[in-house]
Amino acid sequence: MSATPLPDGTTITPQRAARRGLILTLSTIALISTAGVNAAFSQAFTLVENPVAGTSNFLGMDSGCIAWGDYNGDGLLDFFTCGYNDGPTYAELYRNNGDGTFTEDTAASANLIPVTSTSSYSCAWGDIDNDGDLDLISTGNAQSLSQSITRVYRNDGPAGGGSVTMTSLGNLGMTNITNGSVVVFDHNNDGNLDLLISGLYTMNLYQGDGAGAFTHLPTAGFNGTSWGAAAAADYDRDGNTDILAVGMAPSSTPSASLYRNNGDGTFTANSSLAATPVSFATAAWADYDNDGWPDFALAGQTPTGQTTQVYRNAQDGTFSLVATLAGISFGSLAWGDYDNDGLLDLAVSGNSNAGNQFLVYRNTGAGFSEVTPSGLIGLRTTGLGWADYDSDGHLDLLINGVDDAANLKVTRIYRNNSTAPNTAPSAPTGLSSSINGLDVTFTWNAATDDNTPQAGLTYNLRIGTSTGITDVLVPAPDGKTGNQEAKLTHTIRNLTHGEIYYWSVQAIDTTFKASPYSAEAITATVPVTVSTWTVE
């Protein structure tokens, strides 16, 4: 690559610029397979210059997190990040301007307490009060308070663009933790979001009431972890969301545990899981083989070194190891279909015995082939996330962490330059429902897509008490996997007698491109034989 002149008259290559934290104009990163992948599958990414209002870079972060979400309701993906940079700690909201740039939303960030954590999953978005906008949950070590904290921030709007007011609600009675993760999910299918908070050798489930309050469920049955992560998916497709947890156990040994949701507020460890125990770890679910059943990847430290592994769901409660990739710890995993071929690929970043890594593995349908981002440097204690921030139908990549060689903290976004076609899935059809007392089962037909097979599509189900409102069940907050995963039916329990419910469904493909919502259907919880109508 050619050298670029600096203001002082010296020259610098793109590689040296990266190590110094500089961003060169139109610095293109080509993903070149080291395993002989056909050149047609090479992918080019551009390191975006001055993404903050076209004048500056994102604040670099160490030991923090990244969470994508449309917090101001304008249809554009924004993000939250936190961590420290050469001493001070920060908590930053970056608002997507819709023109390829972001605004550092200092007004919305004003009430957020900066924290650090070794887990990149220590923050998450979720509409905890069912008012239609995204609230924020963050955990970690608060330098300003000299303690670990758990904080919930209520989004008080206004929606529709611009800044919002984020109001701190404190920890709402939840344990203050660090070195763990936040999982937002609905454990009991009542339509209200619950929280799983892990870290400091604890793992606690808090049941939400849909109005912003939480009750601790002490008998949930989890073993505590630290220096790790937890992730949620319905691995056995019984309608109840289960939990995968990795990290250091209280015995100071690596662990990997899968907890089956019993549907009654308790979870049972799946003793058949044969995954490699890891610490300083991370994990992520994804249906990489498009069979409609969630698989997972994990990464972390073992007694003999680092590992990164992919496990396939055998659809009988067991998982088989299908790929062992370059090992990392103190890092992140992120699934996303960067090349629009309908298959979920895997980005991996973190520390290894060979130095810090940043790797992308292309899902070929028969395995995973490493593609090396030319000119990129590896990072540790990283946050990592795919998202189509510029709405062009191609997944871009956001990453932050530490370049140890240059002693730099960075936050960077790489724009995907692909021209591969990608259209949104069709809207689901055939909406129907059935009522059993106050439990309602909602059902729809599979959608179709140009690249993603039907079994690989996921679905967002939204339900409200008036048209267009989501005050009963909210969509997934990050614009990625839908809240129903690949399932075509969902039961909500203990709805209100005599209430009328308005609901619709959208499909999401492997590039996280979403269909329009289906025509809204109406269901009334009254004792009649037929209680479903479709709004034309």
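Our subject is the structure listed above.
Residues numbered from 1 in each chain as written. Predicted model: local features only at pLDDT ≥ 70, side-chain atom pairs only at ≥ 80, totals over all residues. Heavy atoms only, no water.

K.L.:
Which parts of the structure should I look at to understand the sheet that holds strand E19 (residues 254-261)?
P.N.:
Picture the strands of a sheet paired through backbone hydrogen bonds; they go either parallel or antiparallel. Taken in spatial order, the four strands make up an open sheet running E17-E18-E19-E20, and their pairing is antiparallel. Whereas interior strands pair on both sides, the edge strands pair on one side only; in this sheet they are strand E17 (226-233) and strand E20 (267-269). Strand-to-strand twist across the sheet, computed as the mean angle between neighbouring axes with direction ignored, equals 25 degrees. Looking at chain direction, E19 and E20 are connected through three bridges and run antiparallel. Bridge pairing in E20 places Tyr259 opposite Ala269. (Pairing = 2+ DSSP bridges. Helix = DSSP H or I, 4+ residues; strand = E, 2+ residues; numbered from the N terminus. Axes fitted to C-alpha atoms, helices over the stretch in contact; angles between N-to-C directions.)

K.L.:
Can you help me understand the packing of aromatic side chains in this one?
P.N.:
Two numbers describe a pair of aromatic rings. These are the distance of the centres and the angle of the planes. Applying the stated rule across the entire model yields 26 aromatic pairs. Here the aromatic rings of Phe45 and Tyr338 are separated by 6.3 Å at their centres, their planes lie at 55 degrees, and the arrangement is tilted. With Phe45 in strand E4 (residues 43-47) and Tyr338 in the loop between strand E24 (319-336) and strand E25 (345-351), the pair connects residues that are 293 residues apart, well separated along the chain. With relative accessibility at 4%, the residue Phe45 sits in the buried group. Cluster of aromatic residues (ring-pair linked, three or more members): Phe58, Trp68, Phe79, Tyr94, Phe102 and Tyr389. Seen from the ring of Trp293, Arg237 lies directly overhead, with NZ or CZ sitting 5.5 Å from the centre. Against the face of Tyr517 rests Arg462, its NZ or CZ located 3.7 Å from the ring centre. (Phe/Tyr/Trp six-rings, centres within 6.5 Å; stacked < 30°, edge-to-face > 60°. Buried < 20%, exposed > 50% of the residue type's maximum accessible area, 1.4 Å probe, protein only. Lys NZ or Arg CZ within 6 Å of the ring centre and 35° of its normal.)

K.L.:
Before we go on, may I ask you to explain the side chain of Asp190 in this structure?
P.N.:
You can see Asp190 is positioned in the loop between strand E13 (181-185) and strand E14 (194-199). Here Asp190 sits buried without a salt bridge, and the closest side chain of opposite charge, Arg493, lies 8.4 Å off (N-O distance). Here the side chain of Asp190 touches Asn192 through a polar contact of 2.9 Å, landing on its backbone nitrogen. (Lys, Arg positive; Asp, Glu negative; His and termini not counted. Salt bridge = Lys/Arg side-chain N within 4 Å of Asp/Glu carboxyl O. Polar contact = N/O pair within 3.5 Å; in protein donor to acceptor, adjacent residues only side chain to side chain.)

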